[in-house]
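Structure at a glance
For reference, the chains in residue letters:
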Amino acid sequence: QVQLVESGGDLVQPGGSLRLSCAASGFTLQDYAIGWFRQAPGKEREGVSCISSIDAYRYYADSVKGRFTISEDNAKNTVYLQMDSLKPEDTAIYYCAAAYIFSSYGCQNVHYWGQGTQVTVSS
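Okay, so let's go over this structure. Everything numeric in this text was worked out from a predicted model, so none of it was measured.

1. Structural notes on the nonpolar core
Residues I34, W36, F68, V79, L81, M83 and Y94 are the most contacted members of the largest nonpolar core, which totals 36 residues. Broken down by element, the residue count for this core peaks at 6 residues, all from strand 9 (residues 92-103).

So this is what it looks like as structure tokens:
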């Protein structure tokens, strides 16, 4: 019943843009902080962005600050990650997650994970 479903991943050239979507069901966005994480080949999963349950605070990793924007549409129960000025090092599987805690270091204590969507930035 509880699900997080990512979509929007694609192959894009450096400098291009993508918008990822995370559709939640079985709960509302008011119940959790929602985060985006990514895992590149040979690397550990890292937090990219997080938005608080009342949309009062937003977190971005230093590597994406100024290029990525997280937002939510409560009517659609969906969180988005707008990714601009993409770089090859952004290539990864991107996961959304529902977390209990928002902090200045990102989402903490994840309760639910999505299955991921592939983003590839290459010429």
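2. Quick word on the pattern of salt bridges
All told, the structure shown has 4 salt bridges when counted by the stated rule. The salt bridge partner of R38 is E46, with a shortest N-O separation of 2.8 Å. R38 gets classed as buried once you look at its relative accessible area, which sits at 6%. The class of E46 is partly exposed, set by a relative accessible area of 34%. R67 is the partner of D90 in a salt bridge, and the nearest nitrogen-oxygen pair spans 2.8 Å.

3. With respect to the packing of aromatic side chains
Applying the stated rule across the entire model yields 6 aromatic pairs. Ring plane angle 45° and centroid distance 5.6 Å describe the contact between Y32 and Y100, whose orientation is recorded as tilted. Taken as a pair, Y32 in the loop between strand 3 (18-25) and strand 4 (33-39) and Y100 in strand 9 lie far apart in primary sequence, 68 residues in all. Among the aromatic residues, those joined into a cluster by ring pairs are F27, Y32, Y100 and Y112. Looking at R45, its charged tip hangs above the ring of Y95, at a distance of 4.0 Å from the centre. Over the ring of W113 we find R45; its NZ or CZ atom is 4.4 Å from the centre of that ring.

4. Re the pairing of strand 10 (residues 106-113)
Every other side chain in a regular strand lies on the same face of the sheet, so the side chains alternate between the two faces. Note: strand 9 against strand 10, 6 bridges, orientation antiparallel. Each residue of the ladder has a partner; that of F102, found in strand 10, is C107. In textbook terms, the turn of a hairpin is the stretch between consecutive antiparallel strands, and for strand 9 and strand 10 this stretch comprises 2 residues.

5. Description of the side chain of D90
Note that D90 resides in the loop between strand 8 (78-83) and strand 9. A polar contact of 2.8 Å, which involves the side chain of D90, links it to the backbone nitrogen of K87. If we skip the residues at most four places from it in the chain, D90 touches R38, R67, F68, S85, V119 and V121.

6. Side note on the state of the cysteines
This model, assessed by the stated rule, comprises 2 disulfides. Each sulfur in the disulfide pair C22 and C96 lies 2.1 Å from the other. On the sign convention where negative is left-handed, the bridge of C22 and C96, at about 70° about the S-S bond, is right-handed. In this pair, C22 is assigned in strand 3 and C96 in strand 9, connecting sequence segments 74 residues apart.

The rules we used
Residues numbered from 1 in each chain as written. Predicted model: local features only at pLDDT ≥ 70, side-chain atom pairs only at ≥ 80, totals over all residues. Heavy atoms only, no water. Core = buried A, V, L, I, M, F, W, Y, C linked by side-chain atoms within 4.5 Å. Buried < 20%, exposed > 50% of the residue type's maximum accessible area, 1.4 Å probe, protein only. Helix = DSSP H or I, 4+ residues; strand = E, 2+ residues; numbered from the N terminus. Salt bridge = Lys/Arg side-chain N within 4 Å of Asp/Glu carboxyl O. Phe/Tyr/Trp six-rings, centres within 6.5 Å; stacked < 30°, edge-to-face > 60°. Lys NZ or Arg CZ within 6 Å of the ring centre and 35° of its normal. Pairing = 2+ DSSP bridges. Polar contact = N/O pair within 3.5 Å; in protein donor to acceptor, adjacent residues only side chain to side chain. Contact = heavy atoms within 4.5 Å. Disulfide = S-S within 2.5 Å.

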